[in-house]
Amino acid sequence: MCGNNMSVPLPTVVPAARKATAVVVFLHGLGDTVHGWADAFAGIRSSHIKYICPHAPVMPVTLNMNLAMPSWFNIIGLSPDSQEDERGIKQAAENVKALIDQEVKNGIPSNRIILGGFSQGGALSLYTALTTQQKLAGVIGLSCWLPLGSSLPQGPISGANKDISILQCHGDCDPLVPLMFGSLTVERLKMLVNPANLTFKTYGGMMHSSCQAGNDGCEAVH
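Analysis parameters
- Residues numbered from 1 in each chain as written.
- Predicted model: local features only at pLDDT ≥ 70, side-chain atom pairs only at ≥ 80, totals over all residues.
- Heavy atoms only, no water.
- Helix = DSSP H or I, 4+ residues; strand = E, 2+ residues; numbered from the N terminus.
- Buried < 20%, exposed > 50% of the residue type's maximum accessible area, 1.4 Å probe, protein only.
- Polar contact = N/O pair within 3.5 Å; in protein donor to acceptor, adjacent residues only side chain to side chain.
- Contact = heavy atoms within 4.5 Å.
- Expected span 1.5 Å × (residues − 1).
- Axes fitted to C-alpha atoms, helices over the stretch in contact; angles between N-to-C directions.
- Parallel < 35°, antiparallel > 145°, perpendicular 65-115°, else oblique.
- Nonpolar A, V, L, I, M, F, W, Y, C, P; charged D, E, K, R; others polar.
- Arc of directions from axis to C-beta.
- Pairing = 2+ DSSP bridges.
- Core = buried A, V, L, I, M, F, W, Y, C linked by side-chain atoms within 4.5 Å.

Chemist: Any chance you could explain the side chain of Thr132 here in plain terms?
Modeler: Counting through the fold element by element, Thr132 comes out in the loop between helix 3 (120-131) and strand 7 (138-142). In this structure Thr132 comes out as buried when scored by relative accessible area, which is 4%. In terms of polar contacts, Thr132 uses its side chain to reach the side chain of Gln134, at 2.5 Å. Those residues in contact with Thr132, other than ones at most four positions away along the chain, are Lys97, Ala160 and Asn161.

Structure, rendered in structure tokens:
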């Protein structure tokens, strides 16, 4: 679905039990697959929500010694001043927007679509929501950060999602994407969207995990 890798399989879909009138698009993390997330959504299967879990393309990742793995874009480093893969992030965001466009063509209004993700997938979800002209129902970012933050406006965005609801969740013992990244992200988001619609939850003792945060995210969309 994303990137130029033609071998990327079609997204895994958990259909609504009856008729889908809303959609959740959820992006997995670096090096991960969709299977755990699809199973989790199947466990809370809704009568009216369809869950779509796209597969990231496999590519070399600089952060991980150029090993090839599922990744939405290249990650050079994990510090606030690390160089970012601007071209890759923007291309991945355009591909997510195309997936949303397809669901709109299938009859689901964009304001009935929630975009979410874990770690790198959450980062891409936040960036996509802030740069699309598609009015979304909300965003869920689990254990993530805001990429290309310096390229975004210094004041409120003027796009369709300036009043979007955002749920951001982070463990306070995360060694991979430290809580500082989540805190910096929520402060940046307050400058970009209506802060009254931001929710930032932290979880004591949780590392780079989706356990309780994932449960809260699932409940939020259910």
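This is not the end of the story, as more comes after the structure.
Chemist: Mind showing me how you'd approach unusual backbone geometry here?
Modeler: Only a minority of non-glycine residues have a phi that is not negative, and only a minority of peptide bonds are not trans. Here the phi dihedral of Ser143 falls at roughly 50 degrees; this positive angle occurs in a residue that is not glycine. Structurally, Ser143 is set in the loop between strand 7 and strand 8 (166-171). Positive phi values are uncommon outside glycine, yet Leu148 reaches one of about 55 degrees. When you line up the elements, Leu148 lands in the loop between strand 7 and strand 8.

Chemist: What exactly am I supposed to notice about helix 3 here?
Modeler: Compared with an ideal rise of 1.5 Å per residue, which puts twelve residues at 16 Å, helix 3 spans 17 Å between its outermost C-alpha atoms and is within 8% of the ideal. Buried residues dominate helix 3, accounting for eleven of its twelve residues. For helix 3, the set of buried residues is Gln120, Gly121, Gly122, Ala123, Leu124, Ser125, Leu126, Tyr127, Thr128, Ala129 and Leu130. The secondary structure elements touched by the buried residues of helix 3 are strand 2 (22-27), helix 2 (86-105), strand 6 (113-118), strand 7, strand 8 and helix 4 (179-192).

Chemist: Can you walk me through the packing of helix 2 against helix 3 in this structure?
Modeler: Two numbers describe a pair of packed helices, the interaxial angle and the distance between the axes. At a minimum axis distance of 9 Å, the contact between helix 2 and helix 3 shows a crossing angle of 70 degrees. It follows from the interaxial angle that helix 2 and helix 3 lie roughly perpendicular. In this structure, helix 2 contributes Ile89, Lys90, Ala92, Ala93, Val96 and Lys97 to the contact, and helix 3 contributes Leu124, Tyr127, Thr128 and Thr131. Considered class by class, the residues forming the contact of helix 2 with helix 3 number six nonpolar, two polar and two charged.

Chemist: Please explain the environment of Pro54 as it appears in this structure.
Modeler: You can see Pro54 is positioned in the loop between strand 3 (49-53) and strand 4 (58-61). For Pro54, a relative accessible area of 0% puts it in the buried group. Here the alpha-carbon distance between Pro54 and Leu27, two residues 27 residues apart in the chain, equals 6.3 Å.

Chemist: Before we go on, may I ask you to explain the environment of Leu167 in this structure?
Modeler: Structurally, Leu167 is set in strand 8. Residues Leu167 and Leu142 lie 25 residues apart in sequence; the distance between their C-alpha atoms is 8.2 Å.

Chemist: Whenever I open this one, helix 1 (residues 35-43) confuses me. Can you help?
Modeler: Within an α-helix, residues lying three or four positions from one another point in the same direction, as the helix has 3.6 residues per turn. Residues Trp37, Ala38 and Phe41 constitute the buried set of helix 1. Projected down its long axis, helix 1 shows its buried positions confined to an angular sector of 100 degrees, all on one face. Across helix 1 from its buried face, at more than 90 degrees, point the exposed residues Asp39 and Gly43.

Chemist: Looking at this structure, how should I read the sheet that holds strand 3?
Modeler: Spatial ordering of the open sheet is given by 1-3-2-6-7-8-9, a layout of seven strands whose pairing is mixed. This sheet does not close on itself; its edge strands, each paired only once, are strand 1 (12-14) and strand 9 (198-203). The sheet shows a mean angle of 15 degrees between the axes of neighbouring strands, taken without regard to direction. Of the strands in this sheet, strand 2, strand 3 and strand 6 are in contact with helix 2, which crosses strand 6 at around 150 degrees. Sitting on the sheet, helix 3 touches strand 2, strand 6, strand 7 and strand 8, and the angle it makes with strand 6 is about 145 degrees.

Chemist: Got a minute to help me understand the side chain of His170 in this structure?
Modeler: Here His170 shows up in strand 8. Reaching out from His170, the side chain makes a polar contact with the backbone oxygen of Pro178 at a distance of 3.5 Å.

Chemist: When you look at the nonpolar core in this model, what are you seeing that I'm missing?
Modeler: When a protein is soluble and globular, its nonpolar side chains tend to lie buried together. Counting 42 residues, the largest nonpolar core has Val25, Leu124, Leu130, Ile166 and Val193 as the members making the most contacts within it. Those elements that place two or more of their residues in this core are strand 2, helix 2, strand 6, helix 3 and helix 4. Those residues in contact with Val193 that lie beyond four places of it in its chain are Leu130, Ile157, Asn161, Lys162, Ile164, Ile166 and Leu198. In terms of nonpolar packing, the next biggest core, distinct from the first, is built from 19 residues, Val14, Ala22, Phe26 and Trp37 among them.

Taken by themselves, the reported measurements are silent on function.
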